[in-house]
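Chains, contacts and geometry: an overview
Here's the letter readout for the chains.
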Amino acid sequence: SAPPRKPFVFNDLQMQEVLFDRRAIYAKLEGVGVPVPKHVVLEPGSAVVDEQEDYIEVDGARLQKPIVEKPISGEDHDIRIYYPRSAGGGSKRLFRKVGDKASQFYPDEHESRATSGEAYIYEELLQTEGTDVKVYAVGPEYAHAEARKSPVVDGKVIRNARGKELRYPLILNNDEKEIARKVVLAFGQTLCGFDLLRSEGRSYVCDVNGWSFVKDSHKFWADSANLLRQYCLHAICPHHVERHPQGAPQVPPPNRTIRDSVLQDVVPPRASLQAPTGAEESELLCVIGLTRHGDRTPKQKLKMKTTEPRLLALLGKNKDARAELKIKKIRAMEELTQIVSRLVEEKLRAADPSSDRYEEDLDKLLTVQQVLQSHPFSGINRKVQIKPSKWAAVPEAGSADGGA
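Throughout this document, residue positions are counted from 1 along each chain, in the order its sequence is written. Owing to the predicted nature of the model, reporting of local features is limited to residues with pLDDT of at least 70; listing and counting of side-chain atom pairs is limited to 80 or more, with chain, interface and lining totals taken over all residues. In computing side-chain values, all of the structure's heavy atoms are included and hydrogens and water are not.

**Considerations on the overall build of the protein chain**
Counting from the N terminus, the helices are the DSSP runs of H or I reaching at least four residues and the strands are the DSSP runs of E reaching at least two. Helix and strand counts for the protein chain come out as nine helices and 16 strands. When a residue's accessible area, from a 1.4 Å probe over protein chains only, is under 20% of the maximum for its type it is buried; when over 50% it is exposed; and in between it is partly exposed. Per-residue burial for the protein chain yields a buried fraction of 34% across its 404 residues. Contacts were defined at the residue level, with two residues in contact if any of their heavy atoms lie within 4.5 Å. Long-range contacts, defined as pairs at least 24 residues apart, comprise 56% of the intrachain contacts of the protein chain with a sequence gap of at least 6. What sets the accessible areas is the Shrake-Rupley method with a 1.4 Å probe; for residues, cover comes only from the shown protein chains. Surface accessibility of the protein chain: about 27,000 Å² in total, with carbon and sulfur atoms responsible for 52%.

**Considerations on the packing of aromatic side chains**
Each Phe, Tyr or Trp ring, with Trp reduced to its six-membered ring, pairs with another whose centre is within 6.5 Å; inter-plane angles below 30 degrees give stacked pairs, above 60 give edge-to-face pairs, and intermediate values give tilted ones. Inspection of every chain in the model, using the stated rule, returns six aromatic pairs. For the pair Tyr-120 and Tyr-122, a centre-to-centre distance of 6.3 Å together with 50° between the ring planes defines the contact as tilted. We classify Tyr-120 as buried; its relative accessible area is 7%. An aromatic cluster of at least three residues, connected via ring pairs, comprises Tyr-136, Tyr-142, Phe-213 and Phe-220. We count a charge as sitting over a ring when the NZ of a lysine or the CZ of an arginine lies within 6 Å of the ring centre and within 35 degrees of the ring normal. If you follow Arg-62 out to its NZ or CZ, it ends over the ring of Tyr-55, 3.8 Å from the centre. A cation sits over an aromatic face here: Arg-93 above Tyr-106, 4.4 Å from the ring centre.

**Brief notes about empty space enclosed by the protein**
The method works on a 1 Å grid over the protein atoms by themselves. A cavity is a set of points holding a 1.4 Å probe that cannot get out, a pocket is an open set with protein on both sides within 12 Å along at least five of seven lines, and residues with an atom within 4 Å of a point line them. Grid points are joined across faces, edges and corners, and a volume is the space filled by probe spheres set on the points. Taken as a whole and judged by the stated rule, the model has one cavity of 30 Å³ or more. Reported here for the largest cavity is a volume of approximately 30 Å³. Lining of the largest cavity is provided by Arg-22, Ile-25, Tyr-26, Lys-70, Ile-121, Cys-206 and Asp-207. Counting only elements with at least two residues in the lining of the largest cavity, the list comes to α2 (22-31) and β14 (202-210). Here the lining of the largest cavity takes three residues from α2, the largest share from any one element. A breakdown of the residues in the lining of the largest cavity according to their chemical character gives four nonpolar, no polar and three charged. Polar here means any residue outside two lists: the nonpolar Ala, Val, Leu, Ile, Met, Phe, Trp, Tyr, Cys and Pro, and the charged Asp, Glu, Lys and Arg; Gly therefore counts as polar.

**Some points on the side chain of Glu-57**
Note that Glu-57 resides in strand β3 (residues 55-58). Engagement of the side chain of Glu-57 in a polar contact is seen with the side chain of Arg-62, the distance being 3.0 Å. With near-sequence residues (within four places) excluded, Glu-57 lies in contact with Val-48, Val-49, Asp-50 and Arg-62. Within 3.5 Å is the distance limit for a polar contact, defined as a pair of N or O atoms, with the added protein rule that one can donate a hydrogen and the other accept it, and that residues adjacent in sequence qualify only through two side-chain atoms.

**Thoughts on the packing of α2 against helix α3 (residues 174-187)**
Interaxial angles span 0 to 180 degrees and are taken between N-to-C directions of axes, which are lines fitted to C-alpha atoms, for helices over the stretch in contact. Where α2 meets α3, the axes come as close as 10 Å, and the angle between the chain directions of the two elements is 120°. Classified by the interaxial angle, the pair formed by α2 and α3 is oblique. The way α2 lies across α3 gives a crossing that is right-handed. Taking contact as the criterion, the partners of Ile-25, Lys-28 and Leu-29 in α2 are, on α3, Val-183, Ala-186 and Phe-187. By residue class, the composition of the contact of α2 with α3 is five nonpolar, no polar and one charged. Any angle that is under 35 degrees is reported as roughly parallel, and any over 145 degrees as roughly antiparallel; angles of 65 to 115 degrees are reported as roughly perpendicular and all others as oblique. The hand of a helix crossing depends on one turn: near helix anticlockwise from the far one by less than a right angle means left-handed, and clockwise means right-handed.

**A look at the sheet that holds strand β5 (residues 67-71)**
Taken in spatial order, the six strands make up an open sheet running β1-β9-β5-β6-β7-β8, and their pairing is antiparallel. With one partner strand each, in any of the chains shown, β1 (39-42) and β8 (101-106) form the two edges of the open sheet. On average, each strand axis in the sheet is inclined to that of its neighbour by 20°, with strand direction left out of account. Against the sheet, α2 contacts β1, β5, β6 (79-82) and β9 (120-124), and its axis sits at roughly 50° relative to β9. If DSSP finds at least two bridges between two strands, the strands pair.

**A closer look at the pattern of salt bridges**
The term salt bridge refers to a pairing of a side-chain nitrogen on Lys or Arg with a carboxyl oxygen on Asp or Glu at a separation within 4 Å. Scanning the entire structure with this criterion turns up 22 salt bridges. Between Arg-62 and Glu-57 there is a salt bridge, with its nearest N and O atoms 3.0 Å apart. The partly exposed category is assigned to Arg-62, whose relative accessible area is 40%. The closest approach of N and O atoms between Glu-123 and Lys-70, which form a salt bridge, is 3.4 Å. With Glu-123 in strand β9 and Lys-70 in strand β5, the pair connects residues that are 53 residues apart, well separated along the chain. For Glu-123, a relative accessible area of 3% corresponds to the buried category. In this structure Lys-70 comes out as buried when scored by relative accessible area, which is 7%. Several salt bridges converge on common partners, so that one network encompasses Lys-97, Asp-132, Glu-146, Arg-148, Glu-165 and Arg-167.

**As for unusual backbone geometry**
Here the bond from Lys-65 into Pro-66 is cis, since omega is 10°, no more than 30 degrees from zero. Mapped onto the elements, Pro-66 comes out in the loop between β4 (61-64) and β5. A positive phi angle is found at Glu-129, which is not glycine, with a value near 60°.

**Thoughts on the nonpolar core**
Counting 30 residues, the largest nonpolar core has Leu-29, Val-183, Phe-187, Phe-194, Leu-196, Val-205 and Val-208 as the members making the most contacts within it. Elements with a minimum of two residues in this core: α2, β10 (131-138), α3, β13 (191-199) and β14. The greatest single-element share of this core, amounting to six residues, is contributed by α3. Once residues lying within four places of it in the same chain are set aside, the contact partners of Phe-187 are Asp-12, Met-15, Val-18, Leu-19, Ile-25, Lys-28, Leu-29 and Val-208. Formed by 18 residues, the second largest nonpolar core is a distinct cluster that contains Ile-327, Ile-339, Val-368 and Val-384. Here, nonpolar core refers to any group of buried Ala, Val, Leu, Ile, Met, Phe, Trp, Tyr and Cys residues whose side-chain atoms link them within 4.5 Å.

**Brief notes about α3**
A helix is expected to span 1.5 Å for every residue after the first. End to end, α3 covers 20 Å across 14 residues, agreeing with the expected 20 Å (1.5 Å per residue, within 8%). Where α3 is concerned, the buried positions are Glu-176, Ile-179, Ala-180, Val-183, Val-184, Ala-186 and Phe-187. If you follow the buried residues of α3, they end up packed against α1 (16-19), α2, β10, β11 (143-149), β13 and β14. With a side-chain oxygen positioned 3.1 Å from the backbone nitrogen of Asp-175, the residue opening α3 is Asn-173.

Given below as structure tokens:
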């Protein structure tokens, strides 16, 4: 039967059940053409799971690690990320902010919870350059967006002077504005927040939160109040909106006091104070600013040149011996550490420690040894690159120049 009353509601209450189920959220988003990360759904008791060091496969659908593991319930924030063993392995747990932390890395936990008997969503970890975007929509035509440091980076929460998480307002592009419109209409949520990931030139929605409000923006509060007023009046008193489309002014402009505001509404300004008209009139169209953010940790690099045969011999492990060699796996890093340690020992036992070349080579090797032995080889923290800079021709055996 029909409900006895039909109140005007901003957010569809029945759709709240959908917002509690991450499976239903993704299905709804895909149904209206909103991009979501590549993912698979693990249903307990029915799925065939194959998890290896560098990938997970659910019912034949394979995702390469790193992957994100999300519980089905939107109220469960125990989200985890699993890294491939080829990059050091380990996992990271994301959680609601506790003090100034939002994630924790566990270097010895490599396997997912796929065999726990619970339902999960597994999705690819998109590369977002260390940020994610929070979007707050008020109706289908208005959206406010803020960028913050992703908790995936290091788990540290940066706060402003008022103790709020530091965020930066940004402008949505046309595709993202259309995404906001689709999300509001699809879920029936006039006030709606959702999470956006920008990766490789595209934008993806990874979560929809329903009723959400910006915590620290006076402009958003003023815009929202005006929009909600108009929505209410359109529903219950549309003629009032026609007479007062913007409502009564609440706050005078910054360069006018309240008294000045009242007087100017009563007493017309003198002609000498009127703005120029005709050809003399001008209008500021925009202000463009180019800013480089500074919250990225710079890479710490150590470079050295060497002709040591045992180090150069590592290039032979490549399919193409002339190509650059990248060492990331734990066993390869341990092997390199052993070679460097033996070279250091040999240099310390050298017969002529007074030569400049001896000190230079030993200093380089000691520095490399210190970097390699500074921390255990786990997680994504170090890599070694060996680049050939010059090749010398080796004479063939039996030639006029003698042996190789």
